[in-house]
Each structure stands twice: as C-alpha cells, then as structure tokens.
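# Structure assessment
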Amino acid sequence: MYERKTPVDLDCPLRLTMSLIDSKWKSCILDELRHRALRPSELHKLFPEATPRVLDMQLKELVEDGLVSKTIFPELPPRSEYAITPLGMTLVPIIDAMMAWGEKNKELFERKYGQKQ
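A brief look at the structure comes next. Predicted model, so just to flag it, every value in this text is computed and none were measured.

## A short note on the overall build of the chain
Each helix and strand counted, the chain has seven helices and two strands in total. Helices and strands appear in the chain in the N-to-C order α-α-α-α-β-β-α-α-α. Principal-axis analysis of the C-alpha atoms gives the chain an extent of 50 × 40 × 25 Å. Here the chain, with 117 residues, has 26% of them falling under the buried criterion. Restricting to contacts in the chain with at least 6 residues of sequence separation, those with at least 24 account for 47%. Surface accessibility of the chain: about 8500 Å² in total, with carbon and sulfur atoms responsible for 59%.

Written out as structure tokens, the structure is:
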C-alpha cells in the first residue's frame, strides 16, 4: 500500500477528507457503489482505463478506511463483492456536489482539454 512521505495534517478537516478520496478512482468507485454492490470484475469493466492493479489497491484502501465493505462468498469458485458502507454514503453528497460543479463548468474543461470527442 502507498505510504505517505509527509504526514496528514490532523488539524485540517479538508486535508483529512481529501486523504480518503484524493486518488483518481476512489470517488468514481464510491459513486458506482452507491447504487448497488459490485463484483471486482464489474468495477474493472466500468473503468477500463484504470489498470487492475491500481483499481485493486484503491478498493483495498477504501475497505481499510471503512468506506467500502468486501464480502467474500464461501463457494467454488470463490466470489467477492464490494458495497458502500454507511460511512461511505456520507461522502455521496460531496461527490454529488463535485459532479454538479463539473457539469456547471463544462466549458472550462472543454477549453482546457479540447472539445468532447
């Protein structure tokens, strides 16, 4: 797992929150899991541009932080699925606000990254 070179500032609530969702895929994972539990292969299909290793690492971190739960079913072949926890659901309004802001300011991104393909 990734180890921070500098410690998290425990006196800054913004930095603490960002330390949980600051990676490229964590917010997207939480957004998808808000609707239903998903198997790892389903998450990999939803985010094909994310490498499996990165996605698996970020899922593991979300589980360790208590934002997502992982259930392993005792069957052959083994099957697992991820679900958002009540703590993770408390981040959904923040994700919704970020999505609304991005939608409202779409032209900024079109200028920065070029027109939509």
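## Quick notes on the packing of aromatic side chains
Taken as a whole and assessed by the stated rule, the structure comprises two aromatic pairs. Taking 5.5 Å as the distance between ring centres and 50° as the angle between the ring planes, the aromatic pair formed by Trp25 and Phe47 counts as tilted. With Trp25 in the loop between helix H1 (13-21) and helix H2 (26-33) and Phe47 in the loop between helix H3 (40-46) and helix H4 (52-64), this pair connects stretches of sequence that are 22 residues apart. The same class applies to Trp25 and to Phe47, which are both buried. The ring of Phe73 carries Arg79 above its face, with NZ or CZ at 3.9 Å from the centroid.

## Description of the environment of Leu67
The topology assignment puts Leu67 in the loop between H4 and strand S1 (68-73). For the pair Leu67 and Ser41, spaced 26 residues apart in sequence, the C-alpha to C-alpha distance is 19 Å. Apart from the residues within four sequence positions on either side, Leu67 is in contact with Leu20, Leu30, Leu62, Ala83, Ile84, Thr85, Leu87, Gly88 and Leu91.

## Comments concerning H2
Counting buried residues in H2 gives six out of eight residues, a clear majority hidden from the surface. Among the residues making up H2, those that are buried are Lys26, Ser27, Ile29, Leu30, Asp31 and Leu33. Packing partners of the buried residues in H2 comprise H1, H3, H4, S1, strand S2 (79-84) and helix H6 (92-104).

Conventions we followed
- Residues numbered from 1 in each chain as written.
- Predicted model: local features only at pLDDT ≥ 70, side-chain atom pairs only at ≥ 80, totals over all residues.
- Heavy atoms only, no water.
- Helix = DSSP H or I, 4+ residues; strand = E, 2+ residues; numbered from the N terminus.
- Buried < 20%, exposed > 50% of the residue type's maximum accessible area, 1.4 Å probe, protein only.
- Contact = heavy atoms within 4.5 Å.
- Areas by Shrake-Rupley, 256 points an atom, 1.4 Å probe, with all protein chains shown as cover.
- Phe/Tyr/Trp six-rings, centres within 6.5 Å; stacked < 30°, edge-to-face > 60°.
- Lys NZ or Arg CZ within 6 Å of the ring centre and 35° of its normal.

Keep in mind that these numbers describe shape and distance, not what the molecule does.
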